[in-house]
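# Structural characterization, general
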Amino acid sequence: MCGIIGYVGNGEAAEFLMQGLTCLEYRGYDSAGIAVFDGRDLRIEKAVGRLDCLKEKLQGNTPAGHIGIGHTRWATHGAPSDLNAHPHADCTNSFAVVHNGIIENYLSIKEELLAKGHHFKSETDTEVLVHLLEDVYKGNFEVAVREVLRRVEGSYAMVFISKKDPDTLICSKQDNPMVIGLGEGENFIASDIPAIITKTRRTYIINDGEMAVVKKDSVWVFNKSGEPVTKKVLEVNWDAEAAEKGGYEHFMLKEIHEQPKAVRDTLTGHIASDNSSVILNELGWTAEYVNSFAKVYIVACGTAYHAALVGKYYIERLARISVEVDIASEFRYRQPIINDNTLIIVVSQSGETIDTMAALKEAKRLGGKTLAVTNVVGSSIAREADQVIYTCAGPEIAVASTKAYTTQLIVMALLGAYMAGLRKTVAPEMMQSLLGNLKKIPEGIETALQQEKEIKEFAKKYSTKEDLFYIGRALDYYVALEGSLKLKEISYIHAEAYAAGELKHGTLALITNEVPVVALATQKSVYEKTLSNIKEVKAREAVVIGIGLQGDKELQHYADHVIFIPETEELLAPLLAVVPLQLLAYYSAVARNCDVDKPRNLAKSVTVE
Ligand code: M6R
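### Brief notes about empty space enclosed by the protein
- Summed over the entire model, instances satisfying the criterion amount to three cavities of 30 Å³ or more.
- Empty space within the largest cavity amounts to approximately 290 Å³.
- Together, 26 residues line the largest cavity, and Ser191, Asp192, Ile193, Ser350 and Val376 are the ones closest to its centre.
- Here the lining of the largest cavity is built from residues that sort into 13 nonpolar, six polar and seven charged.
- Here the lining of the largest cavity spans two domains, since at least three of its residues come from each of domain 1 (3-244) and domain 2 (253-439).

Encoded structure:
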């Protein structure tokens, strides 16, 4: 879970590398480094800590040169330190490498190389790559890298630079993302698109097992057997601005505010103008096909898992097909029952989460039909699944996922309604009302965002607390799970989400006047019961922050504070109710002086198991 970058061209390599690493820092931020060929030698500079530490180190001392590689690290093998930071070099400082992933057979290779007299400086698995390259190099860089790739096992995205071939970078990937940006007289390599988007929109997405030889005027891609591959240029249509903070203090706040647009973009073209049906041309399913599903699984991690829970509700309620939701890291170890009548939906913002990918591969191996819901075009999960529906959230940079969640809910609602339309399980007037209300969600989010100031005040007030509970029934419970995850991951306040009716079976013992409770009450079918649960916690002297539908006087009566969301259908309330919870988490983290966009111990894409 690191970020890698490479440059070859006429410009100053270090300048681009540092700029690209800034965009990739969300992938890991415990150390960073660059290697630039300065015309005589490979100059390697690295520093433990955030990228700023490297920037400081380079002040007045930046290596000059037109080819280089860079890395921002999230430690797996070896603690964060200057020595373990990438790039790593061989014994003679002729080659250097940056790597994202894990080399599984590094120990046996290391032992072999140690016996031959190689000197290792770090505790990383990565360093074996560059010593192995030194060992097998017989005058041809390309042939030597191919030999290294033949020997290593595991997951990787890596870029090599060689002092002996100072016009060439060689990169390859397996189970980790890699993109090549095609410029004029310069080319770029990166872990993902935001790092290169200010330079070019023309890209090659590198597939597993491919190796690319990148010079300033050419990019050659080869498959595992060394045969040239003709790559299709993927034009990126993301707005360059969208990858920047755009005046907001943090990416997370910007991304919270981008939700109306992200949701609108995700809905575009998917609902018939008379609201009678959902259009998902990318699926092209028939009634017969949907009726063949005896079972649906939705598999995901973290926030995407919470979106999956809402997805289960939608598909079961609307299409009346039984759905199971699984945490991706558990899925393949429990021998799921899958056959060709099973649909497996994987949900992943990045499309690179390794556990979700592994679940997808297992589902395919067992003969299931697979569908990915992802935000990143050309991502590994998008390419592996039989079919894909894209969320149109644009780049999500903050580690805490916000706009990815709401757009995933939109896709889940569309999918549920689409399947229901084919199976005729929802009456036409109900369908029309649901889809009409779905179209209104962007404005609903805009309204929900207007309470930012009040939410900021609550957040300030309660940010000194060390424990919080989130409670709700039905869909509110799933939103509670997402709200509590947001608060935990960025403010480090312990937060637990509970199905409101379950509290009295044990956990109520924890409720005191020191434990605020965020109570969601947007689900009309269980409203009275939720109110009873609110009274239960009030009786234990908890301060209650209620989240309810506009004008809910009763909730106002029982709760200490109320945040209203606009009136909408019960099924669609999660799309609005999550917004105040995102803001509450954000402002709590700000009040506690936490690093909102880069919470401790976490990285944006989890590409290690
Ligand atoms: O890229 P993915 O959607 O597969 O990522 C899944 C989780 O790692 C992610 O949602 C994570 O839980 C976020 N940090 C939550 O804010």
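### Notes on the site of the ligand
- If you check the shell around the ligand, you find 13 residues, and the closest are Ser348, Gln349, Ser350, Thr353 and Glu489.
- At 2.8 Å, a backbone N or O of Ser401 approaches an oxygen atom of the ligand.
- Measuring from an oxygen atom of the ligand, one finds a side-chain N or O atom of Glu489 at 2.4 Å.
- Starting from 410 Å² of accessible surface for the ligand in isolation, the protein chains cover 91%.

### Description of the pairing of strand E22 (residues 517-521)
- Counting buried positions along E22 yields five of five residues, so the element is predominantly enclosed.
- Of the two faces of E22, both are covered, the one formed by Val517, Ala519 and Ala521 as well as the one formed by Val518 and Leu520.
- Judged from the three bridges that link them, strand E20 (residues 467-472) and E22 form a sheet pairing that is parallel. Considered in E22, the bridge of Ile471 is made with Ala519.
- With five bridges connecting them, E22 and strand E23 (residues 544-549) associate as parallel partners. Residue pairing across strands places Ala519 opposite Gly546, the latter belonging to E23.
- The handedness of the E22 to E23 crossover, carried by helix H18 (residues 527-539), is right-handed.

### What about the domain arrangement of the protein?
- Domain annotation of the protein identifies domain 1 (3-244), domain 2 (253-439) and domain 3 (448-591).
- For domain 2 versus domain 3, the distance between C-alpha centres works out to 26 Å.
- Taken together, the contact between domain 2 and domain 3 spans 26 residues of the former and 25 residues of the latter.
- Taking both partners together, domain 2 and domain 3 bury about 2,300 Å²; carbon and sulfur atoms supply 70% of that area.
- The largest share of the area that domain 2 buries against domain 3 comes from Leu253, His306 and Tyr313, three residues that together contribute 22% of it.
- Counting the contacts that link domain 2 with domain 3 gives one salt bridge.
- Note that Glu570 is salt-bridged to Arg317, the shortest N-O span being 3.8 Å.
- One can count ten residue pairs in polar contact (both at pLDDT 80 or more) joining domain 2 with domain 3.
- Mapped by element, the contributors of at least two residues to the side of domain 2 that touches domain 3 are helix H6 (251-257), helix H7 (259-267), helix H9 (302-319), helix H13 (403-423) and helix H14 (428-439).
- Take the side of domain 2 that touches domain 3: its biggest share by element is nine residues, from H9.

### Section: the packing of helix H16 (residues 452-462) against helix H20 (residues 573-591)
- At a closest axis distance of 8 Å, the pairing of H16 and H20 adopts a crossing angle of 50°. The orientation of H16 with respect to H20, classified from their angle, is oblique. The interaxial crossing formed by H16 with H20 has right-handed handedness. Counted together, Glu452, Ile455, Lys456, Phe458, Ala459 and Lys460 of H16 and Pro580, Leu583, Leu584, Tyr587, Ser588 and Ala591 of H20 form the full contact between these two elements.

### Concerning the sheet that holds strand E3 (residues 42-48)
- If you trace the eight strands from one edge of the open sheet to the other, you get E3-E2-E4-E1-E10-E9-E11-E14, paired in antiparallel fashion. Pairing within the sheet leaves two strands with one partner each, and these edge strands are E3 and strand E14 (234-235).

### Section: the pairing of strand E2 (residues 31-37)
- Taking burial as the measure, the seven residues of E2 include seven buried ones, the bulk of the element.
- Across the two faces of E2 the burial is the same, with Ser31, Gly33, Ala35 and Phe37 and Ala32, Ile34 and Val36 all buried.
- Sheet analysis places E2 next to E3, joined by seven bridges and oriented antiparallel. The residue bridging Ser31 from the neighbouring strand is Val48, located in E3.

Rules behind the numbers
- Residues numbered from 1 in each chain as written.
- Predicted model: local features only at pLDDT ≥ 70, side-chain atom pairs only at ≥ 80, totals over all residues.
- Heavy atoms only, no water.
- 1 Å grid on protein atoms, 1.4 Å probe; cavity = no way out; pocket = protein on both sides within 12 Å on 5 of 7 lines; lining within 4 Å.
- Points joined across faces, edges and corners; volume = space filled by probe spheres on them.
- Nonpolar A, V, L, I, M, F, W, Y, C, P; charged D, E, K, R; others polar.
- Domains from an automatic or database assignment.
- Near = heavy atom within 4 Å.
- Polar contact = N/O pair within 3.5 Å; in protein donor to acceptor, adjacent residues only side chain to side chain.
- Areas by Shrake-Rupley, 256 points an atom, 1.4 Å probe, with all protein chains shown as cover.
- Buried < 20%, exposed > 50% of the residue type's maximum accessible area, 1.4 Å probe, protein only.
- Helix = DSSP H or I, 4+ residues; strand = E, 2+ residues; numbered from the N terminus.
- Pairing = 2+ DSSP bridges.
- Right-handed = clockwise from strand over helix to strand, strands pointing away.
- Contact = heavy atoms within 4.5 Å.
- Buried area = accessible area lost by both parts, 1.4 Å probe.
- Salt bridge = Lys/Arg side-chain N within 4 Å of Asp/Glu carboxyl O.
- Axes fitted to C-alpha atoms, helices over the stretch in contact; angles between N-to-C directions.
- Parallel < 35°, antiparallel > 145°, perpendicular 65-115°, else oblique.
- Left-handed = near helix turned anticlockwise from the far one by under 90°.

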